[in-house]
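So the chains spell out like this:
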Amino acid sequence: MRLGLLDIGSTAARVEIVELDRSRMPKADWSVKAKTKLAEHTGGDGVVTERGIEQAVRAVRRCVRAAAAEQPDVLVAFGTSAVRDAVNGAELRCRLAEAAGTRIGVLSPRDEAAVTYCAARRWHGRPGSLMTTVDIGGGTIDVAAGTADEPDDVVTLPCGAARLTRQYLPDDPPAPEQLAELDAVLGERLPAALHRFAGRDLGHPLALSSVLRQLAVLSESTGTDVVRHPIRLRRDRLAPWIDRLAVLDKAQRAALPGVSRSRARRILAGAVVAERTLRCIGVEELEICPWGLREGLVFRFGEAYREGWPEPRGAVKGMASALFA
């Protein structure tokens, strides 16, 4: 069975085709993406501009047209926090659904963290061992811990890199007082929210998300050696980059190792919240996990497919209805 999974995020829309009956690995056979630029077109008040909605609609149409030629049996579409948390999110989802020809679902922050943790658990293996995940997205930061397929403890905060950039670092590059305000705000919020992780055994700590992977490339590389596939993000190597990034504008950051143009504006806020989070939970380094939300969803749909005979298509659609609001 061919599942089409359309992910509408803050930088791009991406559709993947996955053969659910071919393998238990969450590997796409085909994919295409188009830029949404939702983060760039969301104001400090959380409203996506008309230009931003139109850009996202074009991106979704392009993805869906391309996917139609691959003839998926089921197309499931969902939006991440850029869609879920927009002040005008109802209008945005309606117009995206019209462009996609299907409903646009969203996960709650807690459910999104749990699905991502599930993917990391599959990648990490070692059933029954303690594992902790740190995920910094555009809208939220999630810390989850547990010993089973589902996390026992989840904290999710509205402190994602894109959100913090909009709220506290509007200038490019930011003024020193803007960075100081961001650091002060995180200094109040994070210790209070993450105190129960501090001082306890966190088992195997893993880093999820593109922001953390890009920060790992940046902080592990040197002037002559770019580490394209780092295995860890280390706090002592990350911390010095905060002051360096703070004096660079978007274009200068995008020229650095590992920093994509689409995330160059938010990489500073990502570095600040990442360093603060590691300090709060008492972890000096995180192993980089290549799997995340999309892989976690593929696992969920794969399980529904295998358990759904004699109507696997209906089972997959039922799983989508159960997962997404």
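Look up: the structure comes first, before these words.
As the structure is a computational prediction, the values presented were derived from the model and not from experiment.

Engineer: Which residues make up the pairing of strand β9 (residues 204–208), and what values do they have?
Structural biologist: Counting buried residues along β9, five of its five residues qualify, which places the element largely inside the surrounding structure. The alternating pattern of β9 places His204, Leu206 and Leu208 on one face and Pro205 and Ala207 on the opposite face, and all of these are buried. Alignment of strand β6 (residues 131–136) against β9, held across five bridges, turns out to be parallel. Looking at the pairing, Asp135 lines up with Leu208 of β9.

Engineer: Tell me about unusual backbone geometry, and please be specific about residues and values.
Structural biologist: In this structure, Pro173 follows Asp172 across a cis peptide bond, with omega equal to 0°. Looking at the secondary structure, you find Pro173 in the loop between α5 (161–168) and α6 (176–194).

Engineer: If you had to explain the pairing of strand β4 (residues 74–79) to someone new, which residues and values would you point to?
Structural biologist: Counting buried residues in β4 gives five out of six residues, a clear majority hidden from the surface. In terms of strand pairing, strand β1 (residues 2–8) meets β4 through six bridges, oriented parallel. What sits directly across from Asp7, in β4, is Phe78. Across three bridges, β4 lies against strand β5 (residues 104–106) in parallel orientation. Along β5, the bridge assignment pairs Gly79 with Val106.

Engineer: Outline the pattern of salt bridges, supporting the account with residue identities and numerical values.
Structural biologist: Inspection of every chain in the model, using the stated rule, returns 23 salt bridges. Between Glu16 and Arg294 there is a salt bridge, and its shortest N-O distance comes to 3.5 Å. Residue Glu16 is located in strand β2 (residues 12–19), and its partner Arg294 is located in helix α11 (residues 293–307); the two are separated by 278 residues in the primary sequence. The class of Glu16 is buried, set by a relative accessible area of 7%. With a relative accessible area of 22%, Arg294 lands in the partly exposed category. Here Arg313 makes a salt bridge to Asp73, at a shortest N to O gap of 3.5 Å. Taken together, the residues span a long stretch of sequence, with Arg313 in helix α12 (residues 312–323) and Asp73 in the loop between α1 (50–68) and β4 at a distance of 240 residues.

Engineer: A description of helix α10 (residues 267–281) should follow, citing residues and the corresponding values.
Structural biologist: With 15 residues, α10 should reach 21 Å at 1.5 Å per residue; the first-to-last C-alpha distance of 21 Å fits that figure. Where burial is concerned, most of α10 is hidden: 14 out of the 15 residues are buried. Backbone geometry just downstream of α10 places Gly282 in the positive-phi region, at approximately 75°.

Engineer: For the packing of aromatic side chains, give the residues involved together with the corresponding values.
Structural biologist: This structure, assessed with the given rule, holds two aromatic pairs. Positioned above the aromatic ring of Phe299, the side-chain terminus of Arg122 is 4.4 Å from the ring centre. The cationic tip of Arg244 hangs over the ring face of Trp241; the distance from NZ or CZ to the ring centre is 4.7 Å.

Engineer: So, the nonpolar core: which residues are in play, and what are the values?
Structural biologist: Leu182 and Leu215 are the most contacted members of the largest nonpolar core, which totals 50 residues. Among the elements that take part in this core, α10 stands out by supplying 10 residues, more than any other. Each residue touching Leu182, except ones within four places of it in the same chain, is listed here: Leu164, Tyr168, Leu169, Ala269 and Val272. Membership of the second largest hydrophobic core comes to 26 residues, among which are Val32, Ala56, Val60 and Leu96.

Engineer: How would you explain the sheet that holds strand β7 (residues 141–146) if you had to name every residue and give the values?
Structural biologist: Within the open sheet, the six strands sit side by side as β8-β7-β6-β9-β11-β10. Their pairing is mixed. Each edge of the open sheet carries a strand with a single partner, namely β8 (153–157) and β10 (232–234). Along the sheet, successive strands turn relative to each other by an average axial angle of 25°, direction set aside.

Engineer: Run through the packing of helix α4 (residues 109–124) against α11, naming residues and quoting values.
Structural biologist: For the pair α4 and α11, interaxial distance at closest approach is 7 Å and the crossing angle is 85°. When the axes of α4 and α11 are compared, the pair comes out roughly perpendicular. In contact with Glu112, Ala114, Val115, Thr116, Cys118, Ala119 and Arg122 of α4, α11 contributes Leu293, Glu295, Gly296, Leu297, Phe299, Arg300 and Glu303. Considering only residue class, the contact of α4 with α11 consists of seven nonpolar, two polar and five charged.

Engineer: Break down the sheet that holds strand β3 (residues 30–35) for me, with residues and values.
Structural biologist: In space, the five strands of this open sheet follow the order β3-β2-β1-β4-β5, with mixed pairing throughout. Sheet topology places β3 and β5 at the edges, where each strand pairs with a single neighbour. Across the sheet, the mean angle from the axis of one strand to that of its neighbour is 25°, orientation sign disregarded. One ladder, built from seven bridges, connects β1 with β2; its direction is antiparallel. Looking at β2, one finds that Leu5 is bridged to Glu16. Docked against the sheet, helix α3 (residues 89–100) engages β1, β4 and β5, running at close to 130° with respect to β5.

What counts and what doesn't
- Residues numbered from 1 in each chain as written.
- Predicted model: local features only at pLDDT ≥ 70, side-chain atom pairs only at ≥ 80, totals over all residues.
- Heavy atoms only, no water.
- Buried < 20%, exposed > 50% of the residue type's maximum accessible area, 1.4 Å probe, protein only.
- Helix = DSSP H or I, 4+ residues; strand = E, 2+ residues; numbered from the N terminus.
- Pairing = 2+ DSSP bridges.
- Salt bridge = Lys/Arg side-chain N within 4 Å of Asp/Glu carboxyl O.
- Expected span 1.5 Å × (residues − 1).
- Phe/Tyr/Trp six-rings, centres within 6.5 Å; stacked < 30°, edge-to-face > 60°.
- Lys NZ or Arg CZ within 6 Å of the ring centre and 35° of its normal.
- Core = buried A, V, L, I, M, F, W, Y, C linked by side-chain atoms within 4.5 Å.
- Contact = heavy atoms within 4.5 Å.
- Axes fitted to C-alpha atoms, helices over the stretch in contact; angles between N-to-C directions.
- Parallel < 35°, antiparallel > 145°, perpendicular 65-115°, else oblique.
- Nonpolar A, V, L, I, M, F, W, Y, C, P; charged D, E, K, R; others polar.

Purely geometric numbers; function is a separate question.
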